[in-house]
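Close look at the chain arrangement
Residue strings, one per chain:
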Amino acid sequence: MRSTAAAMLGAVFDLLYRLRWVVIILWLAFGGFSGYKGVKLFDDTSDDNKPPSDSPSVIAERIFGQNFGGNGYAQLFSVMIQASDGPIVSQAAEQFTNDVYNLAKSNLGNPPPAFFQSYYTFKNVGLDNVAADFVSADGTALLFSVKTYSYGDYYIESIYKEVRGALPELLAFHFPGREVKSYITNRDYIDHKSGEYMENAIVISDGISVPLALIFFIYVVQSLRWVVVPLISIAFSFAVSFMAMDQVTGHINVPSVATNLMIALIVAMSIDYSLFQLVRFREELRNGLGNLAALRRAYESSGTTILFSGITFVLVLMSMMFLPLDFFKAMGLGAAFAVLAALCVNMTFIPVIIACSVDFFAAGTNPWPRWVQRAGDAVCSACRSVSNVICFCCNKKKGSKSFTGIAANGSKAAEAEAGGNGRNIA
């Protein structure tokens, strides 16, 4: 089967080479259009990951919105004030909570109603047992919360920030001369910020891992000019996969982390597929084949591996589309688009690019100059020396006595074994 597939890929290579300028023009036009459309994906992602539309919670949320307005029931924020100089329950604390509630309500607009829960709302109607839950055991902390129908992350975040900014001024006005601190939190805001922090962390990790991966690629192939191949693959795979994924945002919620996963897979697959082709290309050149014949043979052999592994990977990722949550659907679909785009680019565009400049890339098969190899060996030696020093320091910190004891016990055991062997021989 592999020989049949290799023969078919050889015919595909011949066709691509005959139409090489057509292939290049089509890929340049399609890649430019895809890049223009694909960058919109960063703006079209959403971290509002909801359960399936037929789940009881979503149905209830929809009915809530039909009767009360808005599109979801959410706790806007919770506030705690704590006094370090005595009990907090007082008339000033009641006025403070009312002012915070009025400030939030004035920004809520119409129609979403606000629901206010505090010690005083229950105390004033005789529900002392419920009111007690809003005061700490030592009486120095007071809790209250405002709930409303939410209109999205930006809406909640704007009100939350305004209330948080007004708290110091309200504390100074209602508690002059007292040591009272305020704390405010909001679960939706925390989730929203957590998504931003995670996205930023992944961007930083990509910024570190991508250059390291390219450096590793250069070290393996021992050619600076060959790094052009994975860079072209990364650029066109990025444009095509992001353009395809942006078409999905109108049907499912695509989380922002899906873009980071796609970038990571694009880099990994592009470098991996480039290594397959270029290393095989170098081997065929060293076997005595001409430049173009070596490239065709490399495409036949490495292309089979790339094609079968890529299709298998895409099919496995597409199976995530059967999961009920949009988050997993988007992650699986985005990863599948990334792998599929890298597969198409490396099976059609990259071989043509190499074929059109085959002499340029064939010159990259020559080994690096001796001074480059000596520099690389020096760097590796320095890394090993640093590693040995770190291991030595760690072992010394654990205690040299234990190692001395182990060595002494080992020596005694060796002596005993030698003596035993000597007696047996005698």
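Residues numbered from 1 in each chain as written. Predicted model: local features only at pLDDT ≥ 70, side-chain atom pairs only at ≥ 80, totals over all residues. Heavy atoms only, no water.

Quick look at the overall build of the protein now. On a plain count of helices and strands, the protein comes out with 16 helices and four strands. A total of 426 residues make up the protein; the buried ones form 38% of that total. Long-range pairs, those at least 24 residues apart, make up 82% of the contacts in the protein with a sequence separation of at least 6. Of the roughly 23600 Å² that the protein leaves accessible, carbon and sulfur atoms contribute 64%. (Helix = DSSP H or I, 4+ residues; strand = E, 2+ residues; numbered from the N terminus. Buried < 20%, exposed > 50% of the residue type's maximum accessible area, 1.4 Å probe, protein only. Contact = heavy atoms within 4.5 Å. Areas by Shrake-Rupley, 256 points an atom, 1.4 Å probe, with all protein chains shown as cover.)

So, on to the packing of aromatic side chains. On inspection of all chains with the given rule, the structure shows 13 aromatic pairs. Ring pairing ties together the aromatic residues Trp27, Phe30, Phe236 and Phe349, which thus form one cluster. The positively charged end of Arg20 is found above the aromatic ring belonging to Tyr17, 4.2 Å away from the centroid. We note Arg225 situated over the ring of Phe360; from NZ or CZ to the ring centre the distance is 4.6 Å. (Phe/Tyr/Trp six-rings, centres within 6.5 Å; stacked < 30°, edge-to-face > 60°. Lys NZ or Arg CZ within 6 Å of the ring centre and 35° of its normal.)

This next bit is on the packing of helix α12 (residues 291-318) against helix α13 (residues 326-356). Contact geometry for α12 and α13: axes closest at 9 Å, N-to-C directions at 170°. Taken together, the axes of α12 and α13 lie roughly antiparallel to each other. Contacts from Leu292, Leu295, Tyr299, Gly303, Ile306, Leu307, Gly310, Ile311, Phe313, Val314, Leu317 and Met318 of α12 reach α13 at Gly332, Leu333, Ala335, Ala336, Val339, Leu340, Leu343, Met347, Pro351, Ile354 and Ala355. A per-class count over the contact of α12 with α13 returns 20 nonpolar, three polar and no charged. (Axes fitted to C-alpha atoms, helices over the stretch in contact; angles between N-to-C directions. Parallel < 35°, antiparallel > 145°, perpendicular 65-115°, else oblique. Nonpolar A, V, L, I, M, F, W, Y, C, P; charged D, E, K, R; others polar.)

Together, Leu15, Leu19, Val22 and Leu26 make up an exposed nonpolar region whose accessible area comes to about 360 Å². Tracing the backbone shows Val22 in helix α2 (residues 20-38). A relative accessible area of 45% places Val22 in the partly exposed class. (Patch = residues over 30% accessible without salt bridge, like charges linked within 9 Å, V, L, I, M, F, W, Y side chains within 5 Å. Salt bridge = Lys/Arg side-chain N within 4 Å of Asp/Glu carboxyl O.)

Moving on, we get to α13. Compared with an ideal rise of 1.5 Å per residue, which puts 31 residues at 45 Å, α13 spans 43 Å between its outermost C-alpha atoms and is within 8% of the ideal. Along α13, the sharpest kink reaches roughly 40°, centred on Asn346. Along α13, 23 of the 31 residues are buried, which leaves the element largely enclosed by surrounding structure. (Expected span 1.5 Å × (residues − 1). Bend = angle between axes of the 7 residues up to and from the residue.)

Within the secondary structure, Ser78 is located in strand β1 (residues 73-83). Residue class for Ser78 comes out buried when judged on its relative accessible area of 12%. C-alpha separation for the pair Ser78 and Lys147, spaced 69 residues apart in sequence, amounts to 8.7 Å.

Another point: the pattern of salt bridges. Inspection of every chain in the model, using the stated rule, returns seven salt bridges. In this structure, Glu284 and Arg297 form a salt bridge, with 4.0 Å as the shortest nitrogen-oxygen distance. Of this pair, Glu284 sits in helix α11 (residues 256-286) while Arg297 sits in helix α12, and the two are 13 residues apart along the sequence. Owing to a relative accessible area of 39%, Arg297 belongs among the partly exposed residues under this scheme. Put simply, Glu300 and Arg296 hold a salt bridge, and the shortest N to O gap is 2.4 Å. Separated by four residues within a single helix, Glu300 and Arg296 lie in helix α12, roughly one turn from each other. Looking at Glu300, the relative accessible area reads 13%, which means it is buried.

Our focus in this paragraph is the confidence of the model for the protein. Mean pLDDT over the protein: 78, with 73% of residues reaching 70 or higher. Counting interchain partners and residues more than four positions distant, the pLDDT-below-50 stretch residues 400-426 has one contact. (pLDDT = per-residue confidence, 0-100.)

Soluble globular proteins tend to bury their nonpolar side chains together. Within the largest apolar cluster, 63 residues are counted, with the highest numbers of intra-cluster contacts made by Phe217, Met245 and Phe281. When contributions to this core are tallied by element, the ones reaching two or more residues are α1 (2-18), α2, α9 (187-221), α10 (228-246), α11, α12, α13 and α14 (358-362). In terms of residue count, the dominant contributor to this core is α13 (18 residues). Setting aside residues no more than four positions away along its own chain, Phe217 makes contact with Trp226, Val227, Pro230, Ile271, Ser274, Leu275 and Leu278. The next biggest cluster of nonpolar side chains, apart from the first, holds 29 residues, and it includes Ile88, Phe96, Phe116 and Leu171. (Core = buried A, V, L, I, M, F, W, Y, C linked by side-chain atoms within 4.5 Å.)

Contact geometry for α11 and α12: axes closest at 8 Å, N-to-C directions at 145°. The element α11 and its partner α12 pack so that their crossing is right-handed. Counted by class, the contact of α11 with α12 contains twelve nonpolar, seven polar and three charged residues. (Left-handed = near helix turned anticlockwise from the far one by under 90°.)

Among the secondary structure elements, Ser233 is positioned in helix α10. Given a relative accessible area of 0%, Ser233 falls into the buried group. The contact partners of Ser233, leaving out residues within four places of it in the chain, are Ser270, Val345, Asn346 and Ile350.

Residue placement: Thr259 occurs in helix α11. What Thr259 contacts, discounting residues up to four positions off in sequence, is Leu41, Phe42, Thr45 and Phe242.

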